[in-house]
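Notes for the structure review
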Amino acid sequence: MMTQPVEKNQTSDNSNGTPNEPITNPKAAKAAKLQALKEKGVEPYPHVYDRTHMAAELHEKYKDLEDGSETEDQVSVAGRIMAMRNNGMFIDLMDASGRIQVFCHKQSMDEEALAQLKLYDLGDIIGAKGTMRRTPRGELSVRVTETFMLTKSLEILPEKHHGLSDVEQRYRQRYVDLIVNDESRETLRARSKIISFIRRYMEDMGALEVETPMLHEILGGASAKPFVTHYNALSHDFYLRIAPELKLKRLIVGGIADSVFEINRNFRNEGVSIKHNPEFTMIEGYHAFKDYNDLMDLIEDLVGQAVEHIHGTREIEIDGQMVNFAGPWRRVSMCDLVKEHTGVDFMAIETAEEAREAALKAGVHTESNANWGQVVEACFDEKAEHTLIQPTHVTDHPFEISPLAKNHRDNPRVVERFETFVNGWEIANAFTELNDPAVQRERFEAQVEQREAGDEEAQMLDEDYITALEYGLPPTAGWGMGLDRLVMLLTDSHNIRDVICFPTLRPKG
RNA sequence: GACCGCUUAGCUCAGCCGGUAGAGCAACUGACUUUUAAUCAGUAGGUCGAGGGUUCGAAUCCCUCAGCGGUCACCA
């Protein structure tokens, strides 16, 4: 269990609130009130509470109640105390739906109930029963007859206007962040809503959701460095998966369904940044008898609908710019796009050496052993990628950088692949799947060569996967989409940590 | 992983060409059954991230370490 770095005052002389001495430590004051509650016979941590309404329900139900009017309607609410005004006469309670003011007036409460208010603090979770009214100043309130301590809080809430802005504490103690920062709650709720929407969309199209292993014996399905873990019982090291791709396609071979998808975590042993968390959530989908053209349609429709589901429109502001998700999205081949931005037509260039020279003239430096495809990719990354603000499918990648994609039906230098970009970020990667076992073996062998030449991220030869292809993978199209990034776009979040409940942080000392 | 920056009260922040700390919120005492960041009067709260150095004297200058942030590299 992680200890909290906030115990500094515990040993100071008067912090325990000994009789006749003022309590100066806020935490000690809370502890003293907890004790006082117990002495009054009030259970500070009861088991259950009978609530009749959420805050938002009341605001909806009484939205037409006029200022200054009282009702006889009895309600029971519960929530965390976020503000107390006028000596506890006005208390703002926050529940999962919103806030509601409770009005603790001495005319409506007996002496005992009033006295108990003195033992409540900001942060406590209480219940309140009473009647609905709207104050003369227009605030919907519960005129309280009785309150109930539901959970005594012993910690101090951060400042009420500025909230909690210390980034480290926000992520390390997400619960505090969620209590005080509305935006954090909204963003993480939106994440849930988006992922739920995508799952429903996939199910509605008849796709089968599956789960495949996190512990892999062989790396594959992506180019990335892995985490390694040890399984004691088998005396064997496993990789935490970098992608589920090769497992999912085995399921298509098996014919479990024509469409399968998985929404789950991948792990990549790389640095963190505002766009990278070492564990991240992806959806991958595989569809028999489809090709990559079908997937462009699918992604446009899925993402477009998701945007509309969250925002009620398909045109939203991201990073200060309007982005329009209404289709059709631009579809452009990687070579054409590179030509647009560098003036170099790589399709007219045959050798790697000429390609490297042409790139250099365009201001893009490449490794001296870079092949034609890697040069094209480098030019795209440096010159074109960041310009793709509006949703764009970049198609037909060089085969050298796409070991699992099927060759293009009309052009042997490229494969039937596309990546979708929004706001300058890749959000999806898809291709017509390579299903010729002999070609797949050649591609794997090229990867193994790269690996032996020192490329830690090159893929391994997965013999069993080739065997699966030999049994026969039907024509299939597959895609993956980073859901953390999609959520960032749809919530206009600038840091991936904001869309992950508990982002990875360096362990403290 | 490299470079740059940040770390002061529970929270949000001042103070920084060296003279051992200040505000608002939160807390406590009291006033007002009034509110919407309620208000008013008073009280208390800090080994200034950790360790070392320079100096008569360090929150302030120097070094090391830790955490965090940013940029770059790798990548989705």
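Here, residues in each chain are numbered from 1, in the same order as that chain's written sequence. Labels follow written order: the first chain is A, the first ligand is 1, and so on. Selection of residues for local features in this predicted model requires a pLDDT of at least 70, selection of side-chain atom pairs for listing and counting requires 80 or more, and totals for whole chains, interfaces and linings are taken over all residues. Side-chain measures here rest on the full set of heavy atoms in the structure, leaving out hydrogens and waters.

What follows concerns a negative patch on the surface. A cluster of acidic side chains, namely Asp436, Glu442, Glu445, Glu449 and Glu452, defines a negative patch on the protein surface. Burial status follows relative accessibility: with a 1.4 Å probe on protein chains alone, a residue under 20% of its type maximum counts as buried, one over 50% as exposed, and anything between as partly exposed. Overall, Glu442 belongs to the exposed group, its relative accessible area being 54%. Only residues whose relative accessible area exceeds 30% and that form no salt bridge enter a patch; like-charged residues are grouped when within 9 Å of one another, and nonpolar side chains (Val, Leu, Ile, Met, Phe, Trp, Tyr) when within 5 Å. Only the protein chains shown count as cover for residues, with accessible areas throughout obtained via the Shrake-Rupley method and a probe of 1.4 Å. Between Lys or Arg on one side and Asp or Glu on the other, a salt bridge is scored when a side-chain nitrogen of the former is within 4 Å of a carboxyl oxygen of the latter. Under the convention used here, Asp and Glu are negative, Lys and Arg are positive, and both His and the chain ends fall outside the count. Where a charge lies is defined by one atom per residue type, namely NZ (Lys), CZ (Arg), CG (Asp) and CD (Glu).

Pairing of aromatic rings covers Phe, Tyr and Trp, the last counted by its six-membered ring, and requires centre-to-centre distances within 6.5 Å; plane angles under 30 degrees mean stacked, over 60 mean edge-to-face, and any other angle means tilted. Per the stated rule, a full pass over the model turns up eight aromatic pairs. Ring geometry for Tyr49 and Phe148: centres 5.5 Å apart, planes at 50°, overall tilted. With a gap of 99 residues between them, Tyr49 in the loop between helix H1 (26–39) and helix H2 (55–61) and Phe148 in strand E5 (residues 140–151) connect regions that are remote in the sequence. Seen from their ring centres, Phe444 and Tyr465 are 6.2 Å apart, and the 75° between their planes marks the pair as edge-to-face. Here Phe444 is found in helix H12 (residues 437–452), whereas its partner Tyr465 is found in helix H13 (residues 463–472), with 21 residues between them in sequence. Tyr465 carries the same exposure label as Phe444, and that label is buried. We call a charge positioned over a ring when the NZ of a Lys or the CZ of an Arg lies within 6 Å of the ring centre and within 35 degrees of the ring normal. Sitting over the face of the ring of Phe103, Arg133 holds its NZ or CZ atom 4.2 Å from the ring centroid. Elements are defined by DSSP. Helices are runs of H or I of four residues or more, strands are runs of E of two residues or more, and each kind is numbered from the N terminus.

In this section: the sheet that holds strand E8 (residues 228–231). Within a sheet, each strand pairs with its neighbour through backbone hydrogen bonds, oriented either parallel or antiparallel. Taken in spatial order, the three strands make up an open sheet running E7-E9-E8, and their pairing is antiparallel. Edge positions in the sheet fall to strand E7 (215–216) and E8, since each has one partner strand and no second. Of the pairings in the sheet, the one linking E8 to strand E9 (residues 236–240) comprises four bridges and is antiparallel in character. Opposite Val228, over in E9, you have Tyr239 as the bridge partner. Pairing between two strands requires that DSSP report at least two bridges joining them.

This part is about the confidence of the model for chain A. Looking at chain A as a whole, its pLDDT mean stands at 90, while 95% of the residues score no less than 70. For chain A, per-element mean pLDDT is lowest for helix H4 (residues 167–172), which scores 86, and highest for strand E6 (residues 208–209), which scores 98. Within the model, pLDDT remains below 50 along residues 1–21, and this stretch shows 21 contacts once partners closer than five positions in the same chain are excluded. Here the prediction assigns the complex a pTM of 0.90, and the interface score ipTM is 0.89. pLDDT is defined as a per-residue confidence score from the predictor, taking values between 0 and 100. Should any heavy atoms of two residues lie within 4.5 Å, those residues are considered in contact.

So, on to the domain arrangement of chain A. Where each domain starts and ends comes from a domain assignment, either automatic or drawn from a database. Along its sequence, chain A is carved into domain 1 (26–157) and domain 2 (180–329 + 390–499). Taken over C-alpha atoms, the centre of domain 1 sits 48 Å from the centre of domain 2.

Along the chain, Val167 turns up in helix H4. Residue Val167 is classed as partly exposed on the basis of its relative accessible area, which comes to 47%. Note: C-alpha distance between Val167 and Ala359 (192 residues apart in sequence) is 41 Å.

This brings us to the nonpolar core. The criterion is simple. A nonpolar core is a set of buried Ala, Val, Leu, Ile, Met, Phe, Trp, Tyr and Cys residues joined through side-chain atoms within 4.5 Å. Grouped together as the largest cluster of nonpolar side chains are 43 residues, with contacts concentrated most on Ile198, Ile283, Val303, Phe325, Trp479, Met481 and Leu486. Of all the secondary structure elements, the ones that give two or more residues to this core are helix H6 (182–204), strand E10 (259–267), helix H8 (292–311), strand E12 (315–318), strand E16 (417–422), strand E17 (425–432), strand E18 (476–482) and helix H14 (483–491). The dominant element in this core, judged by the number of residues it contributes, is H8, at nine residues. Not counting the four nearest positions on each side in its chain, Ile283 is found in contact with Ile198, Met202, Phe261, Glu262, Ile263, Trp479, Gly480, Met481 and Leu483. Within the second largest apolar cluster, 26 residues are counted, among which are Leu65, Val77, Leu119 and Val142.

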